[in-house]
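Structure at a glance
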Amino acid sequence: MQFVYTCLFDHHDFIYVAAAISLCILGSYLAVRLFSRALRARGSEKPVWVALAGFVGGSVIWTTHFLAMLGYTGGGQAGYEPVVTLLSLLISVLTCTAGFGIAAFADGSRLVEAGGVIMGLGIAAMHYTGMAAYTVPGTIVWREEYVVASVLFGAVFGALTTNKVVRPRNRFCKYTGALALVSGIVTTHFIAMSAVEVVLSPDIPVDDNMLSPAILGISVLGIMIALLALAACTYLLDASTNQAAVARYRHLSLHDALTGLPNRAALQEELLELERISPNLPGQIAILSFDLNRFKEINDVHGHAAGDAVIRTVGARLATAIGPDEFVARVGGDEFVAITRRYYGRMEGTSLSQRLLAEINKPIDWKESVFCVSSSVGISVYDRTAASLDEVIAQADVAMYRGKVSGPNSVCFYDPSMDQAVRERNALAMDLRSALVNGEFELHYQVQNDAETREVVGFEVLLRWNHPQRKKVSPAEFIPIAERTGLIIEIGEWVLREACSKAAGWKRPFSIAVNVAAQQLADMTFPSKIEQILEETGLPAHRLELEITESGIIGDQQRALLIIQQLKEIGLRIAMDDYGTGYSSLSTLMSFPFDKIKIDRSFVDKVDTNNQSAAIVRSTLILAQSLNIPVLAEGVETMKHWDFLRREGCAQVQGFLFGKPVPLEDIEALVNGCEQERVA
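Residues numbered from 1 in each chain as written. Predicted model: local features only at pLDDT ≥ 70, side-chain atom pairs only at ≥ 80, totals over all residues. Heavy atoms only, no water.

Quick look at the pairing of strand 5 (residues 284–293)
For clarity, the cut-off: Think of it in three bands: with a 1.4 Å probe and only protein chains considered, a residue is buried below 20% of the maximum accessible area for its type, exposed above 50%, and partly exposed in between. Going along the chain from the N terminus, every DSSP run of H or I of four or more residues is numbered as a helix, and every run of E of two or more is numbered as a strand. By definition, two strands form a pair when at least two bridges between them are found by DSSP.
Strand 5 sits mainly inside the fold: 9 of its 10 residues count as buried. The sheet contact formed by strand 5 and strand 7 (residues 335–343) spans 7 bridges and is antiparallel. When the bridges of strand 7 are listed, D291 appears paired with E335. By the bridge criterion, 9 bridges tie strand 5 to strand 10 (residues 374–382) in an arrangement that is antiparallel. In the sheet register, D291 faces strand 10, and the bridge partner there is S376.

This is the structure we're talking about:
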């Protein structure tokens, strides 16, 4: 270490050292970012990005060395042999390109680190080739132990560079990867220079044909500035193109394909923002819920094309009817929600309702028919004492259905006395507490198929409730109650245990997919519970896939990420369910190690009839392919759905076209080998 200290501080001009390190940091960051881009590239693009990353990285290594050498004062008057100097640049570029290339094409194997080692050895090879070009009026004596140390440091930091970039553990790995490359270049250079002892001899002149330090310095700086400018422009141009694509994708995912209005996902974002800023708003927040009367009749009599035309026209009119601080979204087939941030009294709510109703009531021409639809509006006010804005929407729904009793175009304000639905939900919650004890729950199974061959690849496990009085209760009705009451944790554990126990006894090792609620994912003991269930039932971990939604991780992403990582360590697979209906799907995909994406059925429904729906699904598939995440599409009900998804490269499908959810006895023959895998 004494030699390194002496070499750095006694034998170097610090201005040159600072310039070399600064250039090294900037260039290394660009090289690592270009390498990261190469990892995401597909097809013929990948070698191009690898070559660019290797060229920039190799040039950075070379220029750092020679810029630092210009500040080396331990050798007196010096020169550089031109051919060997250029050879050192070639070695640097080739080894760096080879290292990045091996790591980029390693497909996650240990060749990732091997590529980094090659790059690190290339740093050392470039240095010692460059030193072979270094001529002084004397001789150079080498300390062998420092030579060996410099090579080892280069190899270790090279492996660390590719490891951090290819196997990121957090969002800072792109910086730590660049830092590792900087460390490899700098430590290799200065440890290697510590191995140098120049014995000056006035009798040995420097050849006049050697490159002078001044010419070399100008060449180094000129080449490096040009390369960095080229690399930066290339990377920024690609980044801006990607950002534009991401922005378009985000717009598509947040807007209804038929009307262009904000969709349910956009509504959720709006609600989150309103809850955040509500204390600072001058007025209250009012939510209006409404749907179209007689819309089902139009669909039944004239077909879905006519229904789509009505929805499209109404959506366009509603978009023009709202003013500042107002918002309207399509949240379902013929269901809409409007919001105003400036509610001071019933006059504001009534005024907005009348504007919306006036647009809805206008006749709609379609081909040779004229349709007249109406609506009723339910209004609820968020007075900051309500549990959440989602609850206010539920209250507005109650008011809307009460308003329908009064006839078309009525406006009804929510009042707690009308909330019979709440009382019914409370009664159902009481029954739910005893349902598990009384054995009223049953598991149903829906097949998941290979999109190309139609072969069964697994089953999604779905919960059904056989109520003693109400008979079959819809999951859409009792699951939200279970989540609100906290019973979902106990019920979810029963589902997991029962599903694993049944699947473990199958003769054919199909995988099973089980939905996980947000409360389950927030439980830090959840991974240990899963491990215990697998041990007790004997089901191999790789046959269990857990499906989670963005709502299950958005509350506390760090906790969710930790739990998911623990689940993956057990050997489970994790799928993102209902993709596209959450808050920030793109950033979530980049942050969490998902094994599968499930496209929500609402996006698949109109891929064969609506260009925007098709664009959303296509964009999702392209994004997933770029991230190496397979996709399963839900809600596949027609051959046209299947043909579209298969043509666009979707890996797996699930829907009524292949099979409805059925009890275990209906799939016994299939799972125990008595029936063909392929579903007709």
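What to know about empty space enclosed by the protein
Rolled over the atoms, a probe with the dimensions of a water molecule shows which regions are left empty. Stated formally: Any residue with an atom within 4 Å of a point lines the site, the site being either a cavity, points on a 1 Å grid over the protein atoms alone where a 1.4 Å probe fits but cannot get out, or a pocket, an open set with protein on both sides within 12 Å along at least 5 of 7 lines. Grid points are joined across faces, edges and corners, and a volume is the space filled by probe spheres set on the points. Ten residues, namely Ala, Val, Leu, Ile, Met, Phe, Trp, Tyr, Cys and Pro, are considered nonpolar, four, namely Asp, Glu, Lys and Arg, are considered charged, and the remaining ones, Gly among them, are considered polar.
Inspection of every chain in the model, using the stated rule, returns 3 cavities of 30 Å³ or more. The computed volume of the largest cavity comes to approximately 70 Å³. Lining the largest cavity are I489, E493, L496, Q520, D523, F526, K529 and I533. Breaking the lining of the largest cavity down by element, the ones donating at least two residues are helix 16 (487–504) and helix 18 (526–537). The residue makeup of the lining of the largest cavity, split by class, is 4 nonpolar, 1 polar and 3 charged. Taken as a whole, the second largest cavity holds about 50 Å³ of empty space.

Observations regarding the environment of G349
Tracing the backbone through its elements, the reader meets G349 in helix 12 (residues 346–361). In the structure, G349 is positioned 28 residues away from V377 in sequence and 9.8 Å away in space, judged by C-alpha atoms.

A look at unusual backbone geometry
At D325, a residue that is not glycine, the phi angle is positive and equals roughly 65°. Note that D325 resides in the loop between helix 11 (304–321) and strand 6 (326–330). According to the relative accessible area criterion, D325 is partly exposed, its value standing at 32%. Residue N628 is not a glycine yet carries a positive backbone phi of 60°.

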